[in-house]
Structures are given as C-alpha cells and as structure tokens.
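Reading the structure
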Amino acid sequence: MRVRATMWGLAATVLMLAIVGLVLSPRGPSADEWVDRALAKQKNKDFAGAIADYDRALTRKARHPIALTNRGEVRQIQGDLAGSIADYDQALEIDPKHGLAYMLRADVRRLKGEYEAAIADYAKGFQNGVRYPEAYKNSGLLKQARNDVDGAIADYDNALKFDAKSGVVHALRAQQRQVKGDLEGAVADYERAFEFGLRKAVVSYNSGLARHAMGRYAAAISDYDWALALDPNYIAALGNRAVAKRDSGDFDGAISDYDRVIDLAPNSAVAYNSRGAVQQARGALAEARRDHDRAVEIDSKYALGYMDRGILRYQQKDWAGALADFRRTLDLSGEDVDQVQICVWLARSRLGERAAADTDLKAFLAQRAARVTPALADQVLAFLTGDLNESGFIAIATSAEAAKDRSRACAVWFFTGVRRLLAGDTTAAREYFQKGLAADTPTSMEHWFARSELGAL
C-alpha cells in the first residue's frame, strides 16, 4: 500500500508541474521570435507573410515599437502609406526616441508631399542617433526644394561624412554651392562626382555652367561636349556651348551650334536671336538682321528680340527704326530698363532730339529708385545727364573694376566718344571710339556701336 501511495503521489506531482508549466509558459513563439520570423520573410520579399508575423508579435505584445516600426515599413513598401504612418505614430508614442521610426515616417511624409513635416522627422531621427547617408541626402533634397541652400549643403556635408564617394551627393552639393555663388566649391564637387563615376548629361551640363560663369571657356566647352556625347539633342547644352564659343571668340563654332539648335527647335525665337547676336559680333549685319527679324516674327512679345534688333538698326544708322524697337522693348519689359533708356537717348540724340532726350532721361532718373551700390548704368546715366563730368567718368575706365571687366572700359570710352561726337568734336570722338575697340570686348553692345561709329567717321 505504501508503494502505491508513493507512486500515486509522484504521478500527481508530475501532473501538477505540467499544469503549472502550461500556465507560466505561453504556447508558441514569443513576440520577439515572431519579429525575427517576420524579418526573415521581409528580407525574402514575402511581405504578406511578414505582415502576418508582425501581427502575431503584436498580439503577444501590443506595445512593441520594433514590431510596429517594421510592420510600418512593409506597409510602406506595399503602398499603404496611411497604414505605415499609423504604425510609426504608435511606435513613437511608445518610444519617443525611436530614431528609425522618425526616419521611416519622414520618407513616407516626403512621398506624400508633406515636406516640412518630413524635414522635422529627419531632424528628429538624426537627433536620436540614426544617421544614414541616404536620409541626409533626402533631407537635403527637401531643403533644396524650399530654397534652404545652407541647410541643404549642411545635410549633403553630413551624407558625405558617411559615404565620401557618393557621386550623386557631390553633384547635389555642387548645385547648391553654384546657387550660393561658390563656383570654386561647385567645380571641385563636380570633379569629385566625375571621379566617382557620375558622368550624366545634366551633371556635365551643370558643371559647364559653373566653369562658364568663371570665364573658363575651354573647360566649360569640354563639359558641354560631354553632355552632348551622352545626349546629342540636349538643346540647353548646345545653346550654352554656343555662348561659351562666342565668349571665347569662336564665332563660327557658335553659329554652328545655333544652327543645330534651330534644326531641333525651328520655332525658337531665342535661338534665332542668339544666332543673330553672334552674326553682329562677327560683323555680318545682313545675316544678323534676318535672324532678329525672324525672332520677333516668331514671338511678337519677345522684348530682348526687339532690343537686339534695335541695337543692330543703330549700327546700321537706322536711328528711327532703332528708336521704334527700343520703345517696343520698354512697352514689353517691366524690369531693369536702364540700358533701354540709355539706348532710347542715343537714338533720339542721333535723330536731332537731344534736348528732349536729355529732359526725358533726367525725368526717368528722378523717379527711379537709387541703388545702394551704383552699377555702371548709374554712372552712364549720370554722365549723360550732366551729373558726372567727363574726367570723373573717364576715371572709371582706369579703375580696378575696369581692369577685371574690360566691358566697363569699353562702355566709358564709347559714351565719352558719343558726347564728343554730338558736340561736333569728331577728332576726340574718333580717339575715344578707338580706345573702346582697344578694350577688346567684341560681344558687347558698346563695342559694336564704337565700331559702327568709327566706320562712319
């Protein structure tokens, strides 16, 4: 009897332990184990299976920020942006320092066009220790879109700390440096982008613009060449290569590029007008006139087309035609009209309306807001209206600014020559026009005018 009792007691003890074990240890995997299974399925792109396993994890533990964040990411991949946002919100309510949830929510908000909220989330993610180069790049792109140049550059700087060989980020930072006027920095970044294999047409084109703005015409043309090798019909690259060739004195090359632009865009008033300007620079006035006529025929409201045709007519001594075009330019242009007003004065003075031209120019100057830093146009206006004497005006031609920008010297010598010519002093006028040509700025309006005036003396 004692033996049976002992055996019965042992069996009862074993049964009791089994029952206690069932109560203390739930059946199946834990929440963390379900998360691990879900992650494996997520990596294998079994998104439906991953969602199901994250659901099971959250059944085990409803306040599981990792499961919520990961499920939100899968929902985002599947296009359920509202569902993913809901998961990230809940994860961050549980753990306000969950950096990854901020980052992923930022990505969704960016996709939804909620840029300010996305920028704020990226910042929170960075503050909480999640620093991915892609996140810095995306944050920089958003800041770039809202014209926060310094903020974008700072984000691209951080992205490059983690991935110094990212050609894309170097190119993006180059663009922003370009916008800021840091052309040296921009060119350095473009060179790094090329070094790391990013030779896209648009990047080569942007690099060309930066070098062109620095006066590095050969390097700019090389970049435009790259862009056109990658995209032979890249009209902007063709047009800007034409400008670089013109600025470097290769007028034939510029004409050839504009010919190609016109082949691609036969109704481009800008292309015809630009080719006409090169024809003017090379002295082919008849060809230039055809192009300028065609430009305003295509676009009768193209202010620059009328302005350039007016300049050409002035060169041809067609003072009345020039005046009509300059006045049409004034009718169409509502911005900086200083140069146009000066040209109106020139044409009227040559038509014998000097006194009336002086009066109207003074009236224009009186109602025009003064600049904090006077530009060359201010000095020309002051000279033409008698507020700046000849010696003071000529001093500009020998200034440090004129040494850097010879077009300033050319303008001074031309307008001084015009004043002398209108006063009947052809000897002094000839001398000043010759000095204007010696400044060697063959693409400037004043150079063209000085050449035509000198040819008529």
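The structure we're discussing is the one just above.
These lines cover the structure that appears in this document, whether it is placed above or below. Just so it is clear, the structure is predicted and the values come from calculations on it, not from any experiment.

Cut-offs used in this document
Residues numbered from 1 in each chain as written. Predicted model: local features only at pLDDT ≥ 70, side-chain atom pairs only at ≥ 80, totals over all residues. Heavy atoms only, no water. Helix = DSSP H or I, 4+ residues; strand = E, 2+ residues; numbered from the N terminus. Expected span 1.5 Å × (residues − 1). Buried < 20%, exposed > 50% of the residue type's maximum accessible area, 1.4 Å probe, protein only. Contact = heavy atoms within 4.5 Å. Salt bridge = Lys/Arg side-chain N within 4 Å of Asp/Glu carboxyl O. 1 Å grid on protein atoms, 1.4 Å probe; cavity = no way out; pocket = protein on both sides within 12 Å on 5 of 7 lines; lining within 4 Å. Points joined across faces, edges and corners; volume = space filled by probe spheres on them. Nonpolar A, V, L, I, M, F, W, Y, C, P; charged D, E, K, R; others polar. Polar contact = N/O pair within 3.5 Å; in protein donor to acceptor, adjacent residues only side chain to side chain.

Along its 14 residues, helix 3 (residues 47-60) runs 20 Å from first to last C-alpha, staying within 8% of the 20 Å computed at 1.5 Å per residue. Among all positions of helix 3, only Phe-47, Gly-49, Ala-50, Ile-51, Asp-53, Tyr-54, Ala-57 and Leu-58 are buried. Looking at the buried side of helix 3, the elements it contacts are helix 2 (31-43) and helix 4 (65-77).

Counted under the stated rule, the structure contains 48 salt bridges. Here Asp-87 makes a salt bridge to Arg-75, at a shortest N to O gap of 3.0 Å. Taken together, the residues Asp-87 in helix 5 (residues 81-94) and Arg-75 in helix 4 connect sequence positions twelve residues apart. The structure contains a network of salt bridges with shared partners spanning Asp-89, Arg-105, Arg-109, Lys-112, Glu-114 and Asp-121.

Let us look at the layout of surface pockets. One number sums up the size of the largest pocket: a volume of about 740 Å³. Taken together, 33 residues form the lining of the largest pocket, with Leu-304, Met-307, Ile-311, Gln-339 and Met-445 sitting closest to its centre. Going through the elements one at a time, helix 16 (269-281), helix 18 (303-315), helix 20 (338-350), helix 22 (376-384), helix 25 (406-422) and helix 27 (445-456) are the ones with two or more residues in the lining of the largest pocket. Split into classes, the residues belonging to the lining of the largest pocket amount to 18 nonpolar, nine polar and six charged. When its volume is computed, the second largest pocket comes out at roughly 170 Å³. Lining the second largest pocket are Tyr-217, Arg-246, Asp-247, Ser-248, Gly-249, Ser-407, Asp-440, Thr-441, Pro-442, Thr-443 and Ser-444. Tallied by class, residues from the lining of the second largest pocket come to two nonpolar, six polar and three charged.

All right, on to the side chain of Asp-257 then. Secondary-structure assignment places Asp-257 in helix 15 (residues 251-264). Judged by relative accessible area, which is 4%, Asp-257 ranks as buried. Polar contacts involving the side chain of Asp-257 include one to the side chain of Arg-241, which spans 2.8 Å.

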